[in-house]
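# Topology and contacts: notes
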Amino acid sequence: MLGVLKGLVTTWKTHWRAPVTVQYPDERLPLQPRYMGFPGLMWDAEHDEPFCTGCQVCMRYCPTGCMFVEMKDNPKFATGESKRRKIVADFTINLSRCISCSICVEVCNFEAIEMTHHHERAGYYPDQVAGLPTLFQMSADHRAGVGQKPGHETRNLL
Amino acid sequence: MTTERALRTVDMHINVGPQHPATHGVFRMVLEVDGERVAGCTPYIGYLHRGFEKLAENEEWQEVIIHLDRTDYISQFNNELCYAMGMERLLGVEPPERAEYARVILAELNRIVSHMMFYGAFGADVGALTPFLYAFRERERLQRLFEAVSGARLMHFYFRAGGLKEDLPEGFADELRRMLPAVQHGIDECDRLLTQNEVFLSRTVGVGKLAASEAIAYGCSGPVLRASGVREDVRRSDPYSLYPTLDFDVPVGKNGDCFDRYWVRLAEMRESVRIVQQCLDRLPEGPIRTPVPRYPHFRVEPGEIYVHTENPRGDYGLYLVSKGGVQPYRVKLRSPCFCNLMALGPMLRDSYLADAVVILGSLDIVLGEVDR
């Protein structure tokens, strides 16, 4: 009997605490600034082209092999508008395979890729592949939300 | 007219797992039962085998850390610490002081997180579901702190050869200082909730006894060994990092039963809070990384080394062999869970079938590390 009463006291006390959980799809807990979701590609607004030159270093380092990168000659280099000789032609990331480890960000020599806060990628099909436009959009969304400056301190460390 | 016929009994085999909620992952055991008593146990492992050791041979030195995170996936910082120390010893570099302090703080917080996970799961094994929610509420605070530090909740990839990936976030020390009393309070609350519970006591005290000699013979380590009364802790017996300068106790049990294994972990959480408190008071400012060459110049001199750390689950050892390339030649993991699991057979013998789940739970195995 005493045990039951003791239990009820605990129940009574905890009953008046504020809940720590939220109702997920309607309400979300804020993510931390450093949160690593899926990687996105940054846009060089100054030259109106991506930072990425398609050098494939991220592709070689990716532990899951979820990236595919292609390089091409930069048409703007010929006209003298840009200093980049090469530019990314195609960039796809299989987000279903990506493990958000940030290795691609750390090995990038051009500070072209960043970890965004995008992480909700549930879908009906196994391979959720993000192409070039999606990757730019992810980074742009992330920047709009967080307001980070390009050239984050975590780059070029590995 | 009485006919006396000898009751013919046969041993029954009961399959538990691999998809059984009480096996904490994909562990399978076939129990041989004689009535209500367990006569023998045949464990089957390997359902979560990912070939970590082979994968590591094909990755660049620092990149292996992401696989380390996935071996014991509840105490990632401790695993990373072990590997980072190994690389540093092979390279002959010392991490800066701030990095050392940050590492110890994070590793000890990770110990609390890991033991909270044990606390919740063990409560559920015994039949009490509320502790799980309490434990996860406390755990969540620290998980959010980890997210702020490393950007990931579980797979951190934060410790590197020569230091850390990046500095601790702004206001980390203040935030943690604010949080520690709450964490301490949470541990006390968990303690009150379960330790004196009569049902819990009757399910755990005297169940699954493991004698000290047996524990040593089976190569047990960590809380499982200490619960049997052996005062053995890598942080004390083979001190690494800052541990020689820190003041903490190594709690030991007396009987080596399930309750002692639970109690030792609970006491360890308190010690971890003490360690974190001391480190926070001394946390210096300064650089967080000793410069080491970047790829493709990151090479480790030929040599081999064995490093081990005290993980929440025991003595986590890594044997690293370098042939002087950009990749490790061999990474061998001495997994504490694997060795602790070996003691399951003698512990289960002659116990009740209903206690089998409790005994397995008290070992606190992580299958990612057993199978790796």
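Before reading further, recall that the structure is shown in the block above.
Throughout what follows, the structure given in this document is the object of discussion. (Residues numbered from 1 in each chain as written. Chains lettered and ligands numbered in written order. Predicted model: local features only at pLDDT ≥ 70, side-chain atom pairs only at ≥ 80, totals over all residues. Heavy atoms only, no water.)

### Some remarks on the interface of chain B and chain A
Using the following cut-off: Contacts are assigned to residue pairs with any non-hydrogen atoms lying within 4.5 Å of each other. A simple way to read buried area is as the amount of 1.4 Å-probe accessible surface that goes missing from two parts once joined, with both sides added. What makes a salt bridge here is a side-chain nitrogen of Lys or Arg within 4 Å of a carboxyl oxygen of Asp or Glu, nothing more. In this description a helix means any DSSP run of H or I spanning at least four residues, a strand means any run of E spanning at least two, and both kinds are numbered starting from the N terminus. Three residue categories are used. Nonpolar comprises Ala, Val, Leu, Ile, Met, Phe, Trp, Tyr, Cys and Pro, charged comprises Asp, Glu, Lys and Arg, and polar comprises the others, including Gly.
Taken together, the contact pairs 29 residues of chain B with 27 residues of chain A. Carbon and sulfur atoms supply 49% of the area buried between chain B and chain A, which totals about 2,400 Å² over both sides. The interface formed by chain B and chain A includes 4 salt bridges. Residue Glu-106 of chain A pairs with Arg-160 of chain B through a salt bridge whose shortest N-O separation is 2.7 Å. Elements represented by at least two residues in the side of chain B that touches chain A include exactly helix H5 (130-150) and helix H6 (172-194) of chain B. Element by element, the count of residues in the side of chain B that touches chain A is highest for H5 of chain B, at 7 residues. Per-class residue counts for the side of chain B that touches chain A are 11 nonpolar, 4 polar and 14 charged.

### Topic: the sheet that holds strand E5 (residues 86-94) of chain A
Residue and element names in this part refer to chain A. Short version of the rule: At least two DSSP bridges between two strands are required for those strands to pair.
Spatially, the 3 strands line up as an open sheet ordered E4-E5-E7, and their pairing is antiparallel. On the outer flanks of this sheet lie strand E4 (67-73) and strand E7 (129-130), each paired with one strand and no other. Pairing between E5 and E7: 2 bridges, direction antiparallel. Within E7, the position partnered with Asn-94 by the bridge is Val-129.

### Some words on the layout of surface pockets
Note the threshold: Any residue with an atom within 4 Å of a point lines the site, the site being either a cavity, points on a 1 Å grid over the protein atoms alone where a 1.4 Å probe fits but cannot get out, or a pocket, an open set with protein on both sides within 12 Å along at least 5 of 7 lines. Grid points are joined across faces, edges and corners, and a volume is the space filled by probe spheres set on the points.
Estimated volume of the largest pocket: approximately 1,200 Å³. Lining the largest pocket are 37 residues, with Val-20, Thr-21, Val-22 and Leu-29 of chain A together with Glu-140 of chain B sitting closest to its centre. Breaking the lining of the largest pocket down by element, the ones donating at least two residues are H5 and H6 of chain B. Of all the elements, H5 of chain B adds the most residues to the lining of the largest pocket, at 11 residues. Here the residues of the lining of the largest pocket are counted per class, giving 17 nonpolar, 9 polar and 11 charged. By volume, the second largest pocket is sized at about 790 Å³. If you go around the second largest pocket, you meet 21 residues; those closest to its centre are Lys-6, Gly-7 and Thr-10 of chain A together with Arg-192 and Leu-193 of chain B.

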